[in-house]
Amino acid sequence: MRLPVPVFVNDYFYSHRISDSCFGDCYRETYMNVRKLNRLVMALAAVVAVSISPAVMANDSASTSAGKFSDPLDSPSQLSEHVAQSLLMAITRAGERLVAVGQRGHIIYSDDQGRSWVQAAVPVSSDLTSVYFVNKNSGWAVGHDGVILHSQDGGRRWSKQLDGRQANHLLLNGMAPLRMRMLQDPRVDELMSEVLRFNEDGPDKPFLDVWFADENHGYAIGAYNLIFRTEDGGQNWISLFDKTDNPGFYHLNAVIGWDNEIYIAGEQGLLLRYDAESQRFVALDTPYIGSFFALAHSDHSLVAFGMRGNIYRSVNEGETWQRSKSETEAGFSDVVVLDSGYMVAVSQAGQVLLSKDMGVSFKLLNVQASMPYSSITVAGDYSVAITGTRGVQIVRLP
């Protein structure tokens, strides 16, 4: 007989792309409940495995491993015949190549604008949430279990630079210089308590986005104020956990940068801008209390995309914001800026919206939705590649 195989809920999809009606505390409760559910399913599977008699087990050698839990941090991603049609969370370009990442450590790439795909060699099977390339060769992917991966050959092969075990250790070390201030500064005590909770929970916190200014300088951000910086291409990562104006430890969902500007978007209207003088990410006042999931920049416009069709635009580095016109009430997932300066955004309802006025207004395109969308990038002339629950869709723009 064959033992039941645990069916895991994709907790990233629920924690980072949750229903529009759910706000900050709901994110946390849902995320932790799904993690507990996954652990419970694994435990039940193990109980079933040891409860079956040795005689029955001997009749099906494949059953012997069904109840064992293989840590995704120690398990390479498995080849899948239908990976290009499975859940993919992010897509980007590496030169002319398309690279997409998704569940169970799946990474695929295409050299023919999405007509065919090849699965890459990946050393982990953790769910991956974001990918970014600074040129045709050098790129990074991040995801669950504190994973940061690096590729030097355009996404064909990947190596692990960081995982949640190492990240928790770095978080503790990063707080060491502040420990003497714990009695005088309540904020330090709160930071330390949160870091200790991270270590108690284990290496389960996900990174949700990654961005690099060049081959050396980059940022990885994620759940519960998780934020790391590298200045040597990821050989070493530095925790910036105490360098954000984020007292609620809200999720950090998106990071974007250009020139000397760096912005981060998060839960409950949180928008942060890097201040070089204080070397901190300082909070910006926004008129929106929902979560932001994507950021875009074109010319002098910074545009933030949230839930329920909410889009806000600033032309003065985030000092003031105006609400953009949007022909949807769905939550946004991602946005890409075309060479023309036009912006193309995608929603969780499988919608595609186009702005030709630097984000002042967004109009729905007549695209037949095939799935909820998670990410978008350019895919050749007048086309975009969009990922979602059923893989990759290539859409021709009007």
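So, here's what we can say about the structure. (Residues numbered from 1 in each chain as written. Predicted model: local features only at pLDDT ≥ 70, side-chain atom pairs only at ≥ 80, totals over all residues. Heavy atoms only, no water.)

## Considerations on the overall build of the chain
The condition that has to hold: Only DSSP runs of H or I reaching four residues or more are called helices, and only runs of E reaching two or more are called strands; each is numbered from the N terminus. Note on exposure labels: buried denotes an accessible area under 20% of the residue type's maximum, exposed denotes more than 50%, and partly exposed covers the range between, all computed with a 1.4 Å probe on protein chains only. Between two residues, a contact is recorded if the distance between any of their heavy atoms is within 4.5 Å. A 1.4 Å probe and the Shrake-Rupley method give the accessible areas. Residues count as covered only by the protein chains that appear here.
Tallying secondary structure elements over the chain gives five helices and 28 strands in all. Within the span of the chain, comprising 398 residues, buried residues form 57% of the whole. A separation threshold of at least 6 residues defines the contact pool for the chain, and within that pool the share at least 24 residues apart is 50%. Summed over its atoms, the accessible surface of the chain is roughly 17700 Å², and 51% of this surface lies on carbon and sulfur atoms.

## Details of unusual backbone geometry
Positioned with a positive phi, Tyr224 is a non-glycine residue whose angle comes to about 55°. Along the chain, Tyr224 falls in the loop between β10 (218–222) and β11 (227–230). Owing to a relative accessible area of 2%, Tyr224 belongs among the buried residues under this scheme. Its identity is not glycine, yet Arg308 carries a phi of approximately 50°, on the positive side. One can find Arg308 in the loop between β18 (301–305) and β19 (311–314). Residue class for Arg308 comes out partly exposed when judged on its relative accessible area of 45%.

## Re the side chain of Arg93
Operational definition: Under this definition, polar contacts are N or O atom pairs within 3.5 Å; protein pairs additionally need one hydrogen-donor-capable and one acceptor-capable atom, and for neighbouring residues in sequence, both atoms have to be side-chain atoms.
Summarising the element assignment, Arg93 is placed in strand β1 (residues 88–94). The class of Arg93 is buried, set by a relative accessible area of 18%. Polar contacts involving the side chain of Arg93 include one to the side chain of Glu96, which spans 3.1 Å. A distance of 2.7 Å separates a polar side-chain atom of Arg93 from the backbone oxygen of Val378.

## Overview of empty space enclosed by the protein
For the record, the criterion: A 1.4 Å probe that fits into a set of points on a 1 Å grid over the protein atoms alone but cannot get out defines a cavity; an open set with protein on both sides within 12 Å along at least five of seven lines defines a pocket, and lining residues are those with an atom within 4 Å of a point. Grid points are joined across faces, edges and corners, and a volume is the space filled by probe spheres set on the points. Throughout this entry, Asp, Glu, Lys and Arg are counted as charged residues, while Ala, Val, Leu, Ile, Met, Phe, Trp, Tyr, Cys and Pro are counted as nonpolar. The remaining residues, Gly among them, count as polar.
For the coordinates displayed, the defined rule picks out one cavity of 30 Å³ or more. Of the pockets and cavities examined, the largest cavity occupies roughly 40 Å³. For the largest cavity, the full set of lining residues is Gly146, Gly164, Ala167, Asn168, Leu171, Phe198, Gly202, Pro203, Asp204, Lys205 and Leu226. Looking at the lining of the largest cavity, the element that brings in the most residues is helix α4 (residues 164–175), giving four residues. When the residues that make up the lining of the largest cavity are grouped by side-chain class, the tally is five nonpolar, four polar and two charged.

## Some points on the packing of aromatic side chains
Rules: To pair, rings of Phe, Tyr and Trp, with the six-membered ring standing in for Trp, must have centres within 6.5 Å; the planes then decide the type, stacked if under 30 degrees apart, edge-to-face if over 60, and tilted in the middle.
Inspection of every chain in the model, using the stated rule, returns 15 aromatic pairs. Here Phe207 and Phe228 contribute two aromatic rings whose centre-to-centre distance is 5.9 Å and whose plane-to-plane angle is 75°, an arrangement assigned as edge-to-face. With Phe207 in strand β9 (residues 207–212) and Phe228 in strand β11, the pair connects residues that are 21 residues apart, well separated along the chain. As far as the burial class goes, Phe207 and Phe228 line up, both buried. Ring centres of Phe305 and Phe332 lie 5.4 Å apart, and the angle between their planes is 70°; on these two criteria the pair is classed as edge-to-face.

## Focus: the sheet that holds strand β3 (residues 107–110)
Applicable threshold: What makes two strands pair is DSSP finding at least two bridges between them.
If you walk across this open sheet you meet the four strands as β1-β2-β3-β4, and the pairing is antiparallel. Both outer strands of the open sheet, β1 and β4 (118–119), are each paired with one neighbouring strand and no more.

## Considering the packing of α4 against helix α5 (residues 186–201)
The criterion, for reference: To define axes, lines are fitted to C-alpha atoms, for helices over the stretch in contact only, and angles between the resulting N-to-C directions are given on a 0 to 180 degree scale. In these notes the angle categories are as follows: under 35 degrees is roughly parallel, over 145 is roughly antiparallel, 65 to 115 is roughly perpendicular, and the rest is oblique. Here a crossing is taken to be left-handed if its near helix is turned anticlockwise relative to the far helix by less than a right angle, and right-handed if that turn runs clockwise.
Where α4 contacts α5, the two axes come as close as 9 Å, and the packing angle between them is 160°. Our classification of the angle between α4 and α5 gives roughly antiparallel. Handedness of the α4/α5 crossing: left-handed. Here Asn168, His169, Leu171, Leu172 and Met175 of α4 lie close against α5, whose contacting residues are Val188, Leu191, Met192, Val195, Leu196, Phe198 and Asn199. Residue composition of the contact of α4 with α5, by class: nine nonpolar, three polar and no charged.

## A few points about the pairing of strand β27 (residues 383–388)
Among the six residues in β27, six count as buried, and that is most of the element. Note: strand β26 (residues 373–378) against β27, five bridges, orientation antiparallel. Bridge pairing in β27 places Ile376 opposite Ile386. Counted along the chain from β26 to the antiparallel partner β27, the turn is four residues long, and its residue Gly380 has a positive phi close to 90°. Direction of pairing for β27 relative to strand β28 (residues 391–396): antiparallel, over a ladder of six bridges. Bridged to Val384 within β28 is Val395.

## Quick word on the pattern of salt bridges
The following threshold applies: What counts as a salt bridge is simple: a side-chain nitrogen of Lys or Arg found within 4 Å of a carboxyl oxygen of Asp or Glu.
A full pass over the atoms with the stated rule returns 15 salt bridges. Close ionic contact of Asp163 with Lys160 constitutes a salt bridge, the shortest N to O distance being 2.9 Å. Owing to a relative accessible area of 33%, Lys160 belongs among the partly exposed residues under this scheme. Arg187 is the salt-bridge partner of Glu190, the closest N and O atoms lying 3.3 Å from each other. One end of the pair, Glu190, and the other, Arg187, are both in helix α5, three residues apart, so they sit about a helical turn from each other. Since its relative accessible area comes to 22%, Arg187 is described here as partly exposed.

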